[in-house]
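Structural overview for review
Here's the letter readout for the chains.
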Amino acid sequence: MSLPTNHPLVSGKTSASAMVLALNGVAQATPPIWFMRQAGRSLPEYREIRNGIPMLDSCLRPELASEITLQPVRRHKVDAAVFFSDIVIPLKLAGVEVEIVPGIGPVLNSPVRTRSDYKKLRSLHEDALSPITDAIKLCIAELGGVPLLGFGGAPFTLASYLIEGRPSKDLPSCHAMMKEDPELWSDILEWCAEITAKFLRTQIIAGASAIQLFDSWAGRLTPLQYETFAMPHSKKVFDLISDLPVPRIAFGVGTHAILKQMRSTGATVMGIGRDTTLLEAVNILGTDIPLQGNLDPELLLGDWSNIEVAARKIIQEGRAAKSHIFNLGHGVIPETDPEVLTRLVEYVHATEKIA
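Anyway, here's the lowdown on the structure attached to this text. Note that this is a predicted model, so its numbers are computed, not measured. (Residues numbered from 1 in each chain as written. Predicted model: local features only at pLDDT ≥ 70, side-chain atom pairs only at ≥ 80, totals over all residues. Heavy atoms only, no water.)

1. Quick notes on the overall build of the protein chain
Looking only at helices and strands, the protein chain features 17 helices and nine strands. Expected size for 355 residues packed as a compact globule is a radius of gyration near 20 Å; at 19 Å, the protein chain falls within 12% of this value. The principal-axis extents of the C-alpha atoms in the protein chain amount to approximately 60 × 40 × 40 Å. For the protein chain, the residues scored as buried account for 56% of the 355 residues in total. Across the protein chain, contacts joining residues at least 24 apart in sequence account for 74% of those joining residues at least 6 apart. For the protein chain, the exposed area adds up to about 14400 Å²; of that, 51% sits on carbon and sulfur atoms. Distance between charge centres in the protein chain, computed from 34 positive and 39 negative side chains, equals 1 Å. (Helix = DSSP H or I, 4+ residues; strand = E, 2+ residues; numbered from the N terminus. Rg over C-alpha atoms; globule rule 2.2 N^0.38 Å. Buried < 20%, exposed > 50% of the residue type's maximum accessible area, 1.4 Å probe, protein only. Contact = heavy atoms within 4.5 Å. Areas by Shrake-Rupley, 256 points an atom, 1.4 Å probe, with all protein chains shown as cover. Lys, Arg positive; Asp, Glu negative; His and termini not counted. Charge placed at Lys NZ, Arg CZ, Asp CG, Glu CD.)

2. Looking at the nonpolar core
The biggest cluster of nonpolar side chains holds 125 residues, and the ones touching the most others in it are L162, M270, L291 and L344. Contact partners of M270, with chain neighbours within four places excluded, come to A250, L259, M262, R263, L285, I289, P290, L291 and Q292. (Core = buried A, V, L, I, M, F, W, Y, C linked by side-chain atoms within 4.5 Å.)

3. Re the environment of R220
With respect to the element layout, R220 can be found in the loop between β5 (210–215) and α12 (223–229). Note on R220: relative accessible area 33%, which makes it partly exposed. The spatial distance from the C-alpha of R220 to the C-alpha of E194 is 23 Å, given a sequence separation of 26 residues. Of the polar contacts made by the side chain of R220, one reaches the backbone oxygen of S168; its length is 2.6 Å. Among the polar contacts made by the side chain of R220, one reaches the main-chain carbonyl oxygen of K169 at a distance of 3.0 Å. (Polar contact = N/O pair within 3.5 Å; in protein donor to acceptor, adjacent residues only side chain to side chain.)

4. What about the layout of surface pockets?
Its boundaries defined by the atoms lining it, the largest pocket holds a volume of some 1400 Å³. Those elements giving two or more residues to the lining of the largest pocket turn out to be α3 (44–49), α4 (55–59), β2 (98–101) and β3 (105–108). No other element matches β2, which puts three residues into the lining of the largest pocket. Tallied by class, residues from the lining of the largest pocket come to 27 nonpolar, eight polar and eight charged. The calculated volume of the second largest pocket comes to roughly 270 Å³. V96, S110, V112, K120 and L121 are the residues nearest the centre of the second largest pocket, which is lined by 13 residues in total. Its residues assigned to classes, the lining of the second largest pocket comprises seven nonpolar, two polar and four charged. (1 Å grid on protein atoms, 1.4 Å probe; cavity = no way out; pocket = protein on both sides within 12 Å on 5 of 7 lines; lining within 4 Å. Points joined across faces, edges and corners; volume = space filled by probe spheres on them. Nonpolar A, V, L, I, M, F, W, Y, C, P; charged D, E, K, R; others polar.)

5. Some remarks on the pairing of β5
Looking down a regular strand, the side chains alternate between one sheet face and the other. Counting buried positions along β5 yields six of six residues, so the element is predominantly enclosed. Burial along β5 is two-sided: A210, Q212 and F214 facing one way and I211, L213 and D215 facing the other are all buried. For strand β4 (residues 148–153) and β5, the ladder comprises five bridges, and the chain directions are parallel. Paired with L149 across the bridge in β5 is A210. (Pairing = 2+ DSSP bridges.)

6. Here's the deal with the pattern of salt bridges
Taken as a whole and assessed by the stated rule, the structure comprises 13 salt bridges. When the shortest N-O distance is used, the salt bridge between E190 and K236 registers 2.9 Å. Placement of the pair is E190 in helix α11 (residues 182–206) and K236 in helix α13 (residues 231–240), with a sequence separation of 46 residues. (Salt bridge = Lys/Arg side-chain N within 4 Å of Asp/Glu carboxyl O.)

7. Re empty space enclosed by the protein
Within the structure shown, the criterion is met by one cavity of 30 Å³ or more. For the largest cavity, the full set of lining residues is L213, D215, Y226, S234, F238, A250, F251, M262 and T265. Going through the elements one at a time, β5, α13 and β6 (248–252) are the ones with two or more residues in the lining of the largest cavity. When grouped by side-chain class, the residues that make up the lining of the largest cavity number six nonpolar, two polar and one charged.

8. Thoughts on the sheet that holds β6
Strands belonging to one sheet form pairs held by backbone hydrogen bonds; the direction of such a pair is parallel or antiparallel. Reading across the sheet, the seven strands line up as β1-β4-β5-β6-β7-β8-β9 and stay open at both edges, with parallel pairing between neighbours. Pairing within the sheet leaves two strands with one partner each, and these edge strands are β1 (81–82) and β9 (324–325). Both β6 and strand β7 (residues 269–271) contribute to a ladder of two bridges, which runs parallel. Counterpart to I249 in the pairing with β7 is V269. Docked against the sheet, α13 engages β5 and β6, running at close to 165° with respect to β5. (Axes fitted to C-alpha atoms, helices over the stretch in contact; angles between N-to-C directions.)

What follows is the structure, given as structure tokens:
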């Protein structure tokens, strides 16, 4: 399938942007920059507009989701917008009862842990995704030449919430199912792959110029566990959208040991977490793939002098990759001063002067 004729990549609005060029492997003298979780609690305008509105409801109100998406672009002048949503939105739209509980994260009243639980899962229908399409169209109308990045949750991470019922450091129910009922495990992750692929496809068709697949918990697996229980399902997500010619970013937390396997899922860009330097990533992945990352977000809570030193090092190391997109090694911490983010964008945009 080809992209619609009015898609920003087809019309030329974003195809020559620094962000899209870098994502496609064309090195830029000044690396483009965006932040994971740039639209969120670090911004006072976000807290104001979302006051009293539950998180997932915010994601499904097109006007509100669009406005939140645009806020950091206006404030920080980042080189890309990231669609304001949540990786569990496909679960909710498929009929799973899930809510974001403040201070905890995604919580399900009825986790999926048996074959009978699995049989209750429903397909995600296209009509249910209309709020996503509507929100992205509103974003595209305002963004002009600034590309919009879509995203979704990798099947392993999505399934971890579905099976555990809430965030878990040790994932006991997941590990038990992998060991005791690998067939059920595979079926659940295939379902997660299918709904995430539909979620991503909708974002791309509506106007996203690239997408990122988040695998927040994959770093808790050994390389063999990842290859066996997670990698095939992330590959299926990318396979299901491979007919749409947009860059595909893979990112995970604590994934140093599985970077090669993550790349083999079909990613065209690798997001690097804070546990790996960009030079280490180049040594692991080679020089033929763009890299994204990877300033430690905790540094943004401290002195600017330390931020500048770390940012300079990342920019310099990024030049060893095929191309480089500046980002954090994880999401923006809510307590981050937004003025620091703006200053960092300005600093990165001035890096042609950095030796």
